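# Breakdown of the fold
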Amino acid sequence: DGGITQSPKYLFRKEGQNVTLSCEQNLNHDAMYWYRQDPGQGLRLIYYSQIVNDFQKGDIAEGYSVSREKKESFPLTVTSAQKNPTAFYLCASTPRSGSGGAGEQFFGPGTRLTVL
Amino acid sequence: AQSVTQPDIHITVSEGASLELRCNYSYGATPYLFWYVQSPGQGLQLLLKYFSGDTLVQGIKGFEAEFKRSQSSFNLRKPSVHWSDAAEYFCAVSFSGGGADGLTFGKGTHLIIQP
């Protein structure tokens, strides 16, 4: 079945450590996204990538980094510069704009990151 | 500034009763509009979407939504709720057309179903 996988489901990190969250999709989608979810805040866009080897900052990119070396993979690194990293992180993907279904984003199951 | 507002943080309805969740947006043109549902600790599932055409759209699980340009609204409705509808509901908007630049989400409405 096609879909988006995120791993791990739960992640614990000590303060001052970098950590990388995995996101893989087999939907053959061009665009991929990372969102952060905090209680009562909805989802906020961290980074997105519309094509391999290219990505753009979203609304809250500070303290995060990404790479897009393969179409199906879009890992997110939470760096030690992120002041409040404890949150639920969601990865999403969508077909290229104009290819039908444009705009509709498909979401992975999420990774809950807790900083100890 | 472009924004999405869900005015109700929590809504409680009795099982079998009708439901309406409100969503308003601030934008100079007609955006792409979506409703998503999220169960605790899970990802988001698309309920329905509006791009153009008929302003009343049907979605999955018996949900529908109506786009009203004059009110900048996209309210979600269901005629009779089931206990399994208890979840968090998010209205989302693409202001860039096509959604390629990401979605802007409301803060969500938590739906509680009373037996």
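The coordinates are above.
Let me begin by describing the structure that accompanies this report. Owing to the predicted nature of the structure, the values given are computational and were not obtained by experimental measurement.

This part takes up the interface of chain A and chain B. With 22 residues of chain A in contact, the opposing surface of chain B contributes 22 residues. A buried area of about 1,700 Å², summed over both sides, lies between chain A and chain B, and 52% of it is on carbon and sulfur atoms. The partner of E104(A) in a salt bridge is K49(B), and the shortest N-O contact between them spans 2.7 Å. Linking chain A with chain B are four residue pairs in polar contact (both at pLDDT 80 or more), by the criterion used here. Listed by contribution, the elements that provide at least two residues to the side of chain A that touches chain B are β4 (31-38), β5 (42-51) and β9 (87-94) of chain A. With five residues, the single largest contributor to the side of chain A that touches chain B is β5(A). Its residues placed into classes, the side of chain A that touches chain B shows ten nonpolar, ten polar and two charged.

This brings us to the environment of R44(A). Residues and elements named next belong to chain A. Mapped onto the fold, R44 is located in strand β5. According to the relative accessible area criterion, R44 is partly exposed, its value standing at 31%. In this structure, R44 is in contact with W34, Y35, R36, D38 and I60, ignoring residues within four places of it in sequence. Here D38 takes part through its side chain, which lies 2.8 Å from a polar atom of the side chain of R44.

A separate point is the nonpolar core. All names here are of chain B. Membership of the largest hydrophobic core comes to 27 residues, with the highest contact counts inside it found for L19, W35, L47, L48, F74, L76 and Y89. When contributions to this core are tallied by element, the ones reaching two or more residues are β2 (10-14), β3 (19-21), β5 (32-38), β6 (44-50), β8 (64-68), β9 (73-78), β10 (87-94) and β12 (109-114). Looking at this core, the element that brings in the most residues is β10, giving four residues.

This brings us to the pairing of β5(A). Residues and elements named next belong to chain A. Within β5, seven of the ten residues are buried, which leaves the element mostly enclosed by the surrounding structure. Between β4 and β5, which pair antiparallel and follow one another directly, the connecting turn spans three residues, one of which, G40, has a positive phi of 75°. Where β5 lies against strand β6 (residues 54-57), three bridges are found, and the strand directions are antiparallel. Looking at β6, one finds that I51 is bridged to D54. In sequence, β5 turns back onto β6 through a hairpin of two residues, with N53 there showing a positive phi of about 65°.

Another point: the pattern of salt bridges. Where charged atoms from two side chains of opposite charge come close, those side chains can pair. One pass over the structure, following the stated rule, counts eight salt bridges over all chains. A salt bridge links D30(A) to K71(A), with the nearest nitrogen and oxygen atoms 3.5 Å apart. Of this pair, D30(A) sits in the loop between β3 (19-25) and β4 while K71(A) sits in the loop between β7 (64-66) and β8 (76-78), and the two are 41 residues apart along the sequence. Relative accessible area serves as the criterion here: at 26%, K71(A) is assigned to the partly exposed category. A salt bridge links K78(B) to D85(B); the shortest N-O distance between them is 2.8 Å.

A few words now on a nonpolar patch on the surface. Together, Y10(A), F12(A) and L116(A) give the surface a local cluster of nonpolar side chains, amounting to about 390 Å² of exposed area. Here L116(A) shows up in the segment after β11 (111-115).

Let us look at the state of the cysteines. Following the criterion strictly, the structure yields two disulfides over all chains and no others. Bridging C23(A) to C91(A), the disulfide has an S-S length of 1.8 Å. Handedness here is read from the sign of the S-S torsion; for C23(A) and C91(A), about -70°, the answer is left-handed. Residue C23(A) is found in strand β3, and its partner C91(A) is found in strand β9; the two are separated by 68 residues along the sequence. Exposure class is identical for C23(A) and C91(A). Each is buried. Each sulfur in the disulfide pair C23(B) and C91(B) lies 2.0 Å from the other. Residues C23(B) and C91(B) are joined by a disulfide whose S-S torsion is about -65°; by sign, that bridge is left-handed.

Parameters at a glance
Along each chain, residue indices are assigned from 1 in the same order as the chain's sequence is written. The order in which chains are written sets their letters, starting at A; the order in which ligands are written sets their numbers, starting at 1. Whole-chain, interface and lining totals are the exception, using all residues; otherwise, since this is a predicted model, local features are given only for residues with pLDDT of at least 70 and side-chain atom pairs are given and counted only at 80 or more. With hydrogens and water stripped out, all remaining heavy atoms of the structure feed into the side-chain values. Only heavy atoms matter for contacts: two residues are in contact if any of them lie within 4.5 Å across the pair. A simple way to read buried area is as the amount of 1.4 Å-probe accessible surface that goes missing from two parts once joined, with both sides added. Put simply, a salt bridge is a Lys or Arg side-chain nitrogen that is within 4 Å of an Asp or Glu carboxyl oxygen. In protein, a polar contact requires one atom able to donate a hydrogen and another able to accept it; more generally it is a pair of N or O atoms within 3.5 Å, and residues adjacent in sequence count only if both atoms are side-chain atoms. Put simply, DSSP marks the helices as runs of H or I at least four residues long and the strands as runs of E at least two long, and each gets a number from the N terminus on. Put simply, Ala, Val, Leu, Ile, Met, Phe, Trp, Tyr, Cys and Pro go in the nonpolar bin, Asp, Glu, Lys and Arg in the charged bin, and everything else, Gly too, in the polar bin. Burial classification: accessible surface area is computed with a 1.4 Å probe over protein chains only, and a residue below 20% of its type maximum counts as buried, one above 50% as exposed, and the rest as partly exposed. Only buried residues count toward a nonpolar core, which is a set of Ala, Val, Leu, Ile, Met, Phe, Trp, Tyr and Cys residues joined through side-chain atoms within 4.5 Å. Strand pairing requires that DSSP identify at least two bridges connecting the strands. To count toward a patch, a residue needs a relative accessible area over 30% and no salt bridge; like charges are then connected within 9 Å, while nonpolar side chains (Val, Leu, Ile, Met, Phe, Trp, Tyr) are connected within 5 Å. Accessible areas in this description were obtained via Shrake-Rupley with a 1.4 Å probe; residue shielding takes into account the shown protein chains only. Criterion for a disulfide: a pair of cysteine sulfur atoms within 2.5 Å.

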